[in-house]
Amino acid sequence: MGNALNTLSSATKEDTKLYNCIKELYEQGVPFDELKALIPDMKRTREQLRIKRMLENNNEVLAAMITKEMSFLLDAKERQEEEQFKKLDQLIRQQQSFRKETAGSQGAAQRLKRLFLPG
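Source: prediction; values computed, not measured.

About the cut-offs
- Residues numbered from 1 in each chain as written.
- Predicted model: local features only at pLDDT ≥ 70, side-chain atom pairs only at ≥ 80, totals over all residues.
- Heavy atoms only, no water.
- Helix = DSSP H or I, 4+ residues; strand = E, 2+ residues; numbered from the N terminus.
- Buried < 20%, exposed > 50% of the residue type's maximum accessible area, 1.4 Å probe, protein only.
- Areas by Shrake-Rupley, 256 points an atom, 1.4 Å probe, with all protein chains shown as cover.
- Patch = residues over 30% accessible without salt bridge, like charges linked within 9 Å, V, L, I, M, F, W, Y side chains within 5 Å.
- Salt bridge = Lys/Arg side-chain N within 4 Å of Asp/Glu carboxyl O.
- Phe/Tyr/Trp six-rings, centres within 6.5 Å; stacked < 30°, edge-to-face > 60°.

*Asks:* Tell me what's going on with the overall build of the chain, and back it up with residues and numbers.
*Replies:* Counting its secondary structure elements, the chain contains two helices and zero strands. In the chain, which comprises 119 residues, the share counted as buried stands at 3%. Of the roughly 11,000 Å² that the chain leaves accessible, carbon and sulfur atoms contribute 59%.

*Asks:* Let's hear about a nonpolar patch on the surface: which residues, and what values?
*Replies:* A cluster of nonpolar side chains, contributed by V61, L62, M65, I66, M70, F72 and L73, occupies part of the molecular surface with about 690 Å² of accessible area. As for its position among the elements, I66 is in helix α2 (residues 32-116). For I66, a relative accessible area of 53% corresponds to the exposed category.

*Asks:* Run through the packing of aromatic side chains, naming residues and quoting values.
*Replies:* Tallied over the full model, the rule gives one aromatic pair. Ring centres 6.5 Å apart and planes at 85 degrees place the aromatic pair Y26 and F32 in the edge-to-face group. Residue F32 is classed as partly exposed on the basis of its relative accessible area of 49%.

*Asks:* Which residues make up the pattern of salt bridges, and what values do they have?
*Replies:* Enumeration over the complete set of coordinates arrives at five salt bridges. Across the pair E81 and K77 runs a salt bridge, and its minimum N-O distance is 3.8 Å. Pair noted here: E81 and K77 are both in helix α2, with a separation of four residues, about one helical turn. Residue classification places K77 among the partly exposed residues on the basis of a relative accessible area of 47%. Here R93 ties to D89 by a salt bridge, and the two come within 2.9 Å at their closest N and O atoms. With R93 and D89 both in helix α2, this residue pair falls four residues apart, about one helical turn.

Function cannot be inferred from these measures alone, as they are strictly geometric.
What follows is the structure, encoded as structure tokens:
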């Protein structure tokens, strides 16, 4: 109901503006018959401007929605890449640890060989 009243109020305001424009032109000396012929064109132009404003508002809303969605997707991609780097880092550290353990056990084996097997 409120939205309908706003629309009606807006239409009434626009009709008042149209009436004032016609009145001003009439006061400037434009004959009423010519003004009467212009009224449909003025209404059509007003409707086209209203539609243009609606489309511009719609475009702004769509742009905001797309921007928000793109931001969400980029954040999700960054999180995914971060997880992949964490896994890779973990694998590298695990490999280094295995190599270190292997090197340490080989060193112990070499010492045992030197002790029990003379050079």
